[in-house]
Number of protein chains: 2
Amino acid sequence: MRRQMSRARRLHKAAQQSKVAKPVGPKVSPLAPVGGFPMLPIVKGVSISAGAAGVRYRNRNDVMLAVMVPGTVMAGVTTRSSTRSAPVLDCEAKLALDVGGEVGAAIVVNSGNSNAFTGAGGFASVKAVAQAVADATGVPEARVFSSSTGVIGEALPHDRIVAVLESLNAGLKPGAFDAGARAIMTTDTYPKGSGREISLGDATVKIAGIAKGSGMIAPDMGTMLVYIFTDARIDQPQLQTMLRSLTDTSFNAITVDSDTSTSDTLLVAATGMAGPQIMPGSADADVFREALSDVMTDLAQQVVRDGEGATKFLEVRVSGAASETDARKVAMSVANSPLVKTAVAGEDPNWGRVVMAVGKSGAAADRDKLSIWFGPHIVAENGWVSPEYREDLGAAYMRQPELVLRVDLGLGNGTTTVWTCDLTHDYISINADYRS
Amino acid sequence: MRRQMSRARRLHKAAQQSKVAKPVGPKVSPLAPVGGFPMLPIVKGVSISAGAAGVRYRNRNDVMLAVMVPGTVMAGVTTRSSTRSAPVLDCEAKLALDVGGEVGAAIVVNSGNSNAFTGAGGFASVKAVAQAVADATGVPEARVFSSSTGVIGEALPHDRIVAVLESLNAGLKPGAFDAGARAIMTTDTYPKGSGREISLGDATVKIAGIAKGSGMIAPDMGTMLVYIFTDARIDQPQLQTMLRSLTDTSFNAITVDSDTSTSDTLLVAATGMAGPQIMPGSADADVFREALSDVMTDLAQQVVRDGEGATKFLEVRVSGAASETDARKVAMSVANSPLVKTAVAGEDPNWGRVVMAVGKSGAAADRDKLSIWFGPHIVAENGWVSPEYREDLGAAYMRQPELVLRVDLGLGNGTTTVWTCDLTHDYISINADYRS
């Protein structure tokens, strides 16, 4: 048994010590994208504003308002949790009934309180906020989509939000994505944004997205709020179908701690102010789909990079599974395993725990056909450690902040890729402290 | 947000500081049963011995040998992992073919190396050890059941075990359960034993069991080895049926970290040397079944009490589910949730996370019919926090080391109970350090 002080413990001690000297506020994740919040394109027909309602936090913005022009198409995907929040249920109902873009649309989001498990009062709060948005902006209440993120089970002090809506409406401006992304943060250590510009015919079409989330992230989306804006011209059913399919390979392909939030919401607003009508099956649809996929995957990975306490970003690639379903079972079993995640934190190339995670996944697996790679190094094959494998190379590889772990089951054509982070002392500290 | 130093962090700091002064070796779990290893009854027809083969550990015993008289019936349950170890596969084959008690039986167990994912050589090691046991004891090799626990993926140095078998055989004696339980420990902080005596007619029948396990514990048994000995007279099919059914409510009802080992094995040896023949459906069968259930549940709970880094023992009781399957889904979702387990570590009555875990379980649930209790305190009902609930009472309750968390779904008659522990800094330290 190796009993020297582990990397995890060293990191934790260092964090403890640095806390004495540092100013208040969590340090930014070491996995945050370099260069800070990206330059996002101005999306025609979208204005954004942020303000401080004091729902729970002090001295920071905690409400975002986005208003879209008439003609805007809305699509969305929400958590499948059976205890999902009032705003989520309201979004679902409005998306299902939405008649399309004859009038404008709005999105209002608060941080600090999730308005989840708040009884009948929760719906009254949603209604009050939506009505106030309608009054301030002129968008009909049926097209005001709201989200709340933060503590569960406390009544949302919606009057505080209502009180700032006039001023938020007055402050609306194009391209204020950075301010919006900051207002919706909870335990996030940095604001998350991603954008793309594509050419469709002679026109330039833009996509800009923001997201929040760092704990309670899991398949089916975790405490994650994502808002994507585009000026593309696309009909609602096509956008909705595209969105649902891309969600499986982006936001449903990440996990921080296997826990699933009651509030997850992903909304896309397409204002239709740029480019040609995108027809299903067209080359334009392919180009738009790929750009949307890029934005969604980038935002999903940014959420994992802000995983609570994360120090390593781990991509788990599974191939050779008997089916896609089996590939996903194996990938999520590996990505959710506390023993794999603590080994990654400790920079230990502990492939035995990967074998364990494959074994418990419920997917078809044959020990003697299984192969495992840590980055470029083949570790296990033919039912045992590979003769090529050298522990020092594995250990050196594990010291990098960005890791790829590959598993081939040798049985079929099922493949998938998921992303996760390591499990560290700081995850424990954050979650034994913070009331979410 | 409360940002004072959490209990989890305080515990961790204290552990860090105490490590400087303390002697080598992990401290005993604060949840260990008081009074140390229990007095276990002498089971007629069973002899046990322990010795030091130096498989991996130094200066401690790491091999246990148990030999049973002719007439002994063997039953067993093993892990369902698809990457289970060579000794597990060997046990399964021998149990399936076992012709019963005309000859004796033996169990040999080593700690330090699990002989899992060791290719064809793994089976050769099992064979070599079993043959050496047969040579030393006279028990036919087909009735020598072996287990190995410890590091995955390293060749078992079986010659070291073979070398001590003659001396182990010479040291066999009745009732040496304590020595056996200590020899099979890995990250365990205390040896685990449980026994019962029952009266069947005029006879006294005894049951004594030992177990090891503390990490990688989950449904389908974790890294858990359990050996139960009885002098009851019972036929193999009846014992096997009883064992499988009782496993669901004992060893399959505990979880430490949702990870499942490649090595789990539960064996029961019934020597038939005491009491009347136990007939299926008889009153004697009921009495024996209940005593066996007690021993199994006690050992299972002792494993959780030794959960890596555990400071709290948590019983999760679910009722009112639409089915037994749904009850189990909810209970395991709560018991495996890192956010629930870190809240318990932080002594935070964070019922919102319980709502979240119910929601993600996949079981039918209706927010407005859900009720949640922390011990005697009703926390949530009718879709919101209960008007009776007072946070100070919840917080006081959470400070106890033994907790009961109750969830009623208000939908049907499905019930279940599972046991788990909290998730602390020490879990991270142990698993980022230790190569399992």
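Residues numbered from 1 in each chain as written. Chains lettered and ligands numbered in written order. Predicted model: local features only at pLDDT ≥ 70, side-chain atom pairs only at ≥ 80, totals over all residues. Heavy atoms only, no water.

Draft legend 1. Focus on the UniProt feature "binding site: substrate" (unreviewed entry) in chain A. UniProt tags A:T186, A:K212, A:T223, A:E308, A:N431 and A:S436 as "binding site: substrate" (unreviewed entry). Note that A:T186 resides in the loop between α5 (177-183) and β6 (192-200). (UniProt positions renumbered as here; feature names shortened; annotations may be inferred. Helix = DSSP H or I, 4+ residues; strand = E, 2+ residues; numbered from the N terminus.)

Draft legend 2. Here's a closer look at the side chain of B:D326. Mapping B:D326 onto the fold places it in helix α8 (residues 324-336). The buried charged residue B:D326 lacks any salt bridge partner; its closest oppositely charged side chain belongs to B:K329, at an N-O distance of 4.0 Å. (Buried < 20%, exposed > 50% of the residue type's maximum accessible area, 1.4 Å probe, protein only. Lys, Arg positive; Asp, Glu negative; His and termini not counted. Salt bridge = Lys/Arg side-chain N within 4 Å of Asp/Glu carboxyl O.)

Draft legend 3. Quick peek at α8(B). In a regular helix each residue adds 1.5 Å, so 13 residues correspond to 18 Å; α8(B) covers 18 Å between its end C-alpha atoms and thus fits that length. All buried positions along α8(B) are accounted for by B:D326, B:A327, B:V330, B:A331, B:M332, B:S333, B:V334 and B:A335. (Expected span 1.5 Å × (residues − 1).)

Draft legend 4. A look at the environment of B:P38. Residue and element names in this part refer to chain B. Relative to the elements of secondary structure, P38 occurs in the loop between α1 (7-21) and β1 (46-51). For P38, a relative accessible area of 32% corresponds to the partly exposed category. Placed 154 residues apart in sequence, P38 and K192 show a C-alpha to C-alpha distance of 8.4 Å.

Draft legend 5. The arrangement of the confidence of the model for chain A in detail. Chain-level pLDDT for chain A is 86 on average; 89% of the residues reach the 70-or-more range. Mean pLDDT values over the elements of chain A span from 44, in helix α1 (residues 7-21) of chain A, up to 98, in helix α4 (residues 158-170) of chain A. (pLDDT = per-residue confidence, 0-100.)

Draft legend 6. Highlighting the sheet that holds strand β11 (residues 265-270) of chain A. Residue and element names in this part refer to chain A. Spatially, the five strands line up as an open sheet ordered β3-β11-β8-β7-β6, and their pairing is mixed. Among the strands making up the open sheet, the edge pair consists of β3 (73-78) and β6. When strand polarity is set aside, the average angle formed by the axes of neighbouring strands in this sheet is 10°. Relative to β11, strand β8 (residues 225-230) runs parallel, the two sharing six bridges. Residue V226 lies in a different strand from β11, and its bridge partner there is L266. Relative to β3, helix α2 (residues 86-97) is tilted by about 135°, and along the sheet it contacts β3 and β11. Across the sheet, helix α7 (residues 283-305) touches β6, β7 (203-212), β8 and β11, and the angle it forms with β6 is around 170°. (Pairing = 2+ DSSP bridges. Axes fitted to C-alpha atoms, helices over the stretch in contact; angles between N-to-C directions. Contact = heavy atoms within 4.5 Å.)

Draft legend 7. Seen up close, the sheet that holds strand β4 (residues 105-113) of chain A. Residues and elements named next belong to chain A. Overall, mixed pairing links the four strands, which are arranged β1-β2-β4-β5 in an open sheet. Two strands lie at the open edges of the sheet, namely β1 (46-51) and β5 (144-151), each paired on one side alone. With direction set aside, neighbouring strand axes in the sheet form an average angle of 10°. This element, helix α3 (residues 119-137), spans β2 (63-68), β4 and β5 of the sheet and lies at about 130° to β5.

Draft legend 8. Here's a closer look at the nonpolar core. The biggest cluster of nonpolar side chains holds 158 residues, and the ones touching the most others in it are A:I228, A:F288, B:I228 and B:F288. For B:I228, the contacting residues outside a window of four places in its chain are B:I207, B:A208, B:G209, B:L266, B:L267, B:V268, B:A269, B:L292, B:V295, B:M296 and B:L299. (Core = buried A, V, L, I, M, F, W, Y, C linked by side-chain atoms within 4.5 Å.)

Draft legend 9. Main features of the pairing of strand β4 (residues 105-113) of chain B. All names here are of chain B. Along β4, nine of the nine residues are buried, which leaves the element largely enclosed by surrounding structure. With six bridges joining them, strand β2 (residues 63-68) and β4 adopt antiparallel strand pairing. Looking across to β4, one finds that M64 is bridged to V109. Where β4 meets strand β5 (residues 144-151), eight bridges bridge the pair, whose relative direction is parallel.

Draft legend 10. Main features of the pattern of salt bridges. All names here are of chain A. Counted under the stated rule, the structure contains 30 salt bridges over all chains. Put simply, E141 and K127 hold a salt bridge, and the shortest N to O gap is 3.3 Å. Taken together, the residues E141 in the loop between α3 and β5 and K127 in helix α3 connect sequence positions 14 residues apart. One salt bridge connects D306 with K192, and the closest N-O pair in it is separated by 2.7 Å. Taken together, the positions of D306 in the loop between α7 and β13 (313-321) and K192 in strand β6 put the pair 114 residues apart, joining distant regions of the chain. As far as the burial class goes, D306 and K192 line up, both buried. Look at the salt bridges and you will find they share partners, linking D90, K94, K127 and E141 into a network.

Draft legend 11. Summary view of the pairing of strand β14 (residues 371-374) of chain A. Residues and elements named next belong to chain A. Side chains S371 and W373 project from β14 onto one buried face, and the interleaved I372 and F374 project onto a second face that is buried too. Bridging between β14 and strand β17 (residues 402-408) involves four bridges; their strand directions are antiparallel. For I372, the partnering residue across the bridge sits in β17 and is V407. The turn linking β14 back onto strand β15 (residues 377-381) is made up of two residues, and G375 within it adopts a positive phi angle of 60°.

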